[in-house]
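Structural overview for review
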Amino acid sequence: MIQRKIQSTKSDNLVDRINDFLASPPEGTPTEVLEAFSSLDSNQFLPPKLFYELVEQAPIAISITDPTARILYVNCAFETLTGYAREEVIGKNESVLSSKSTPESVYRELWETIHSNKVWQGTLVNHRKSQEEYLAELTISPVNNNKGQTAYFLGMHRDITEMHQLEQRLKFQKNLTEAALNAAPMVVAVVAADRKVLLDNHAYKALIGDFRGVEPASLFLEALEQQVGFDLSTVCQVGSGFTNVEIRLDPPGGAAPRWFACSGVHVPELDEAAHNYFKQAESTRCCLLLIANEVTGSRKRIQEARLNMIRANMAEQQMVQTMREAISGAIFKIQAPLNVIKAALSMPAAGQENMGMRIVLQQALKSGDEAMESLHEALPSPVVEKTSLVNINELLHEVVKLSTENLLSAGIVVDWRPAPVLAEVNGRINALRGLFKYLIDNAIQSLIEAKQDYREIRIQTKQDNQDLLIEVMDNGVGIPKAHRLKVFEPFYCGWEQPKEHAGMGLTMAQEVVIGHGGNVEIDANFYGGCRVFVRLPLNGMEETLL
Ligand code: FAD
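Our subject in this report is the structure included herewith. Predicted, not measured: the structure shown is a model, and the values here were computed from it. (Residues numbered from 1 in each chain as written. Predicted model: local features only at pLDDT ≥ 70, side-chain atom pairs only at ≥ 80, totals over all residues. Heavy atoms only, no water.)

Our next topic: helix α15 (residues 429-450). Here α15 spans 31 Å end to end across 22 residues, near enough to the 32 Å set by a 1.5 Å rise per residue. Of all 22 residues in α15, 16 are buried; the element is thus mostly enclosed. Immediately beyond the C-terminal end of α15, within one or two residues, lies K451, with a positive phi of roughly 55°. (Helix = DSSP H or I, 4+ residues; strand = E, 2+ residues; numbered from the N terminus. Expected span 1.5 Å × (residues − 1). Buried < 20%, exposed > 50% of the residue type's maximum accessible area, 1.4 Å probe, protein only.)

Structure (structure tokens):
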């Protein structure tokens, strides 16, 4: 049995009329029609009046047109937004809203889309009845009849003028900020917790070129980690940033080191996750706003003054060292005949005639011993030095600078390949400086003796876990395989022109390296010159002191 009455209120004219129709349907009305009207009251369908009211009261401007955009219906929001009463626009084309500022190409694209039975979405410049212009964000959807042809178009639009203004202001703010950042001489970058650079300025981009494409942020972060213990992953928890921390960067490719005074503040990262919308902002991930001021120039001036001081210091050290070498050499040389005399005296006396000789030998031994004693007394004591944290890159660079004159006069090219960031080693700075000076001086001497046209010294530093590896290579005369261990023995001198070389350089160098818990060796498989490897443990000094 078909339910013949749908529920209604008194004011529902349409529903009343349907109810009247259902109460006495005209003769021959198909049962399908009666069923369709009756089912409108069932739980599965809403009454048509309700649909009508939903559209009428929807808070978005809705219009229904025929296939030529002639308006058939508009809702209340349309009237409010456009300022037109429905009687004023029904029967007119939607173009009544066009302010003529929308390019024709947009309309063409709109019509091409809806004519191919697709939904069009876009923005048009409209004007209200008052001629005031506004931006309409419009969706047009074709409504098909049962033959699949477009019977109507449903248009829905809202005013996005304010949003557009906000967007424009935001763009302006962004442009302004970018212009200010780009005009600033300092390097500025915002680095996310995953080390991605979210924002940077011209000065930062210039560094990418200087650093041969290596991301400067990663070099800054590594240097900050190594040199001041800064950890990006904990910056959010720790909360504090850092100010004017001076760090050193060694650009890849061996260019001169650069110094930057860095400041950093943490900024909570954007949280765009939908599930966090109602949560209080308590981001655990932070970005780092990094501001770095290059101070290489002032560092250079300080460095120059330091170098002069080191030069004077080293000259003094050198003098002491030369004296030690000369006296040690003399002791070594005198010791040999004294040992022979001692051996001769220890033999039993053969007869009266040898007595005179024995007395002479005893006198010679006595004066020899006295001479040895005075030589030992004259031997300057080695300088005792405290340990400190030493940046080997910096030290090597300094030594190369100290040797500039010798390098230039011998026409030697230095291929300087430092690790971009190197941990500091706990060591005796003067001893280490002396060590590298020996190695570089040896390389220079070797190149001078080789008399080759192209003369090169390559210096390379690397970090291998807790060890630093330093390589000094030259394309000079090289060291014969048989002498690769011998060269570390005291007073071994293989130079063609020994001049002031006493053959103690590599002995001293080895002493220094061993004193730092490391080792030094000559590459046995290297031909066409010499390659010396030095391995220094980062905490080797502590260990050897314990
Ligand atoms: P017209 O000379 O009418 O048209 C400009 C160009 O649009 C033509 O050169 C042609 O390429 C194309 N075009 C226009 N009519 C047709 C057509 N019937 N078939 C194929 N191509 C055609 N416009 C607005 O400016 N603001 C609105 O809010 C807006 N709402 C719309 C809502 C609906 C549901 C529909 C169907 C259209 C709506 N339009 C709206 C588009 C409007 O009908 C006009 O096409 C447009 O305003 C341009 O009118 P015009 O008089 O400036 O130029």
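Next, the rest of the story.
A few words on the site of the ligand. Surrounding the ligand, one finds 19 residues, the nearest of these being N93, K100, E104, W111 and N126. Side-chain polar atom of E94 to a nitrogen atom of the ligand: 3.5 Å apart, as the coordinates give it. In this structure, an oxygen atom belonging to the ligand sits 3.0 Å away from a side-chain N or O atom of Y107. Secondary structure elements with two or more residues in the shell around the ligand: α6 (104-115), β3 (120-127), β4 (133-144) and β5 (150-159). Tallying contributions element by element places α6 first for the shell around the ligand, with five residues. Considering only residue class, the shell around the ligand consists of eight nonpolar, seven polar and four charged. (Near = heavy atom within 4 Å. Polar contact = N/O pair within 3.5 Å; in protein donor to acceptor, adjacent residues only side chain to side chain. Nonpolar A, V, L, I, M, F, W, Y, C, P; charged D, E, K, R; others polar.)

Topologically, S98 is positioned in the loop between α5 (86-89) and α6. Apart from the residues within four sequence positions on either side, S98 is in contact with Y107, V125, N126 and H127. (Contact = heavy atoms within 4.5 Å.)

A separate point is the nonpolar core. With 43 residues, the main nonpolar core has I392, L432, L435, F436, I457 and L536 as its most contacted residues. Those elements that provide at least two residues to this core are α13 (392-402), β12 (412-417), α15, β14 (455-464), β15 (467-474), α16 (505-515), β16 (519-522) and β17 (530-537). Among the elements that make up this core, the one with the highest residue count is α15 (nine residues). In this structure, L432 is in contact with V390, I392, L395, V425, G427, V512, H516 and L536, ignoring residues within four places of it in sequence. (Core = buried A, V, L, I, M, F, W, Y, C linked by side-chain atoms within 4.5 Å.)

The relative placement of two aromatic rings is captured by the distance of their centres and the angle of their planes. What the rule picks out here adds up to four aromatic pairs. Taking 5.1 Å as the distance between ring centres and 75° as the angle between the ring planes, the aromatic pair formed by F220 and F260 counts as edge-to-face. Residue F220 is located in helix α9 (residues 216-228), and its partner F260 is located in strand β9 (residues 258-268); the two are separated by 40 residues in the primary sequence. F260 shares its class with F220; the two are buried. The interplanar angle of 70° and the centroid separation of 4.8 Å between the aromatic rings of F230 and F242 together place this pair among those described as edge-to-face. You can see F230 sitting in the loop between α9 and α10 (235-238) and its partner F242 sitting in strand β8 (residues 242-249), a full twelve residues away along the chain. (Phe/Tyr/Trp six-rings, centres within 6.5 Å; stacked < 30°, edge-to-face > 60°.)

Don't take any of this as a statement about function, it's just geometry.
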